Amino acid sequence: MDRMLYLGMTGAKHVVMAQTTNANNLANVSTAGFRADFHTLLDESVPGFGYPTRANAISGGRDSNLMSGPIRSTGRPLDVAVNGDAWLAVVAPDGGEAYSRRGDFHITANGQLLNGAGQQVLGEGGPVALPEHQSVSIGEDGTVSVVPLGQGPETLVVVDRIKLVALDAERVEKGDDGLMRHRDGSPGVITAESRLMSGHLEASNLNAVEAMVNMINLSRQYEMQVKVMSTAREIADASGRLLRLE
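What you are looking at is a predicted structure, and each value in this text was computed from that prediction instead of being measured. (Residues numbered from 1 in each chain as written. Predicted model: local features only at pLDDT ≥ 70, side-chain atom pairs only at ≥ 80, totals over all residues. Heavy atoms only, no water.)

1. Quick word on the pattern of salt bridges
Tallying each qualifying case throughout the model produces 12 salt bridges. Across the pair Asp141 and Arg161 runs a salt bridge, and its minimum N-O distance is 2.7 Å. Of the two residues, Asp141 is situated in the loop between strand E11 (133-138) and strand E12 (143-148) and Arg161 in strand E13 (residues 157-161); the sequence distance between them amounts to 20 residues. Residue classification places Asp141 among the partly exposed residues on the basis of a relative accessible area of 28%. By relative accessible area, which is 30% here, Arg161 ends up partly exposed. Of the charged contacts in the structure, one is a salt bridge between Glu173 and Arg183, with a shortest N-O distance of 3.7 Å. Linking Glu173 in strand E15 (residues 172-174) with Arg183 in the loop between strand E16 (180-182) and strand E17 (189-190), this pair joins segments that are 10 residues apart in sequence. (Salt bridge = Lys/Arg side-chain N within 4 Å of Asp/Glu carboxyl O. Helix = DSSP H or I, 4+ residues; strand = E, 2+ residues; numbered from the N terminus. Buried < 20%, exposed > 50% of the residue type's maximum accessible area, 1.4 Å probe, protein only.)

See the structure below:
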């Protein structure tokens, strides 16, 4: 009986965790460069004396689908999409370096280059900062150029180069802030193999239809786990009544 309860209880717990992750994926279906997450589940025997009759469903951790999303044209000069496997280096909320594929850039009043999540974009010498200008362009190699205020197009000046890095897919993980890092804290390796496509954005790699179907399946799995626990209780009550009759 306890085996049924353990299976139902831990199964329901981790189905809720998977449903939370799936809901977060759906909430970010329109977020540029978003990488969908998923949970893996494993079974683990409960330690103790006697026969191994009980098992817990444990989470194998949250992983992310690192496949690229579709690239779409926007025509906006400050929108960039990475054509390749490289990542854009940004300043994480803790002040460290982290990585994203979000290329919906904008410039603040003091000249800072930020992505759509408000994170500072890193260049070769730190956060990219632009002087007063009348136009800005981003090249395929990540160079950020401006035409100074009051000058002609022939005065184009290179301000910085956006930092593109390669990450080891075997060691990369997504943090709670949605940014990618190596598990051991090591930085990504600067690469020139990938190119930037100005006027384009990489969409989320989430398949919204699959996520909706997954949401329905997870709801049914949860109901099944609750039914297992309910059935275990009914069997226990029936067994108790039989014992009283004796």
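2. Quick notes on the nonpolar core
In terms of nonpolar packing, the biggest core is built from 17 residues, with Leu88, Phe105, Ile138, Ile162 and Leu196 touching the most fellow members. Beyond its immediate chain neighbours, meaning those up to four positions away, Phe105 contacts Arg76, Leu78, Asp79, Val80, Leu88, Leu113, Leu114, Asn115, Val121, Ile138 and Ile162. By size, the runner-up hydrophobic cluster in this structure holds 9 residues, among which are Trp87, Val165, Leu167 and Val172. (Core = buried A, V, L, I, M, F, W, Y, C linked by side-chain atoms within 4.5 Å. Contact = heavy atoms within 4.5 Å.)

3. Re the sheet that holds E12
What the 3 strands build is an open sheet, ordered E11-E12-E13; its pairing is antiparallel. The two strands at the open ends of the sheet, each matched to only one other strand, are E11 and E13. Direction aside, neighbouring strands of the sheet carry axes that sit 25 degrees apart on average. (Pairing = 2+ DSSP bridges. Axes fitted to C-alpha atoms, helices over the stretch in contact; angles between N-to-C directions.)

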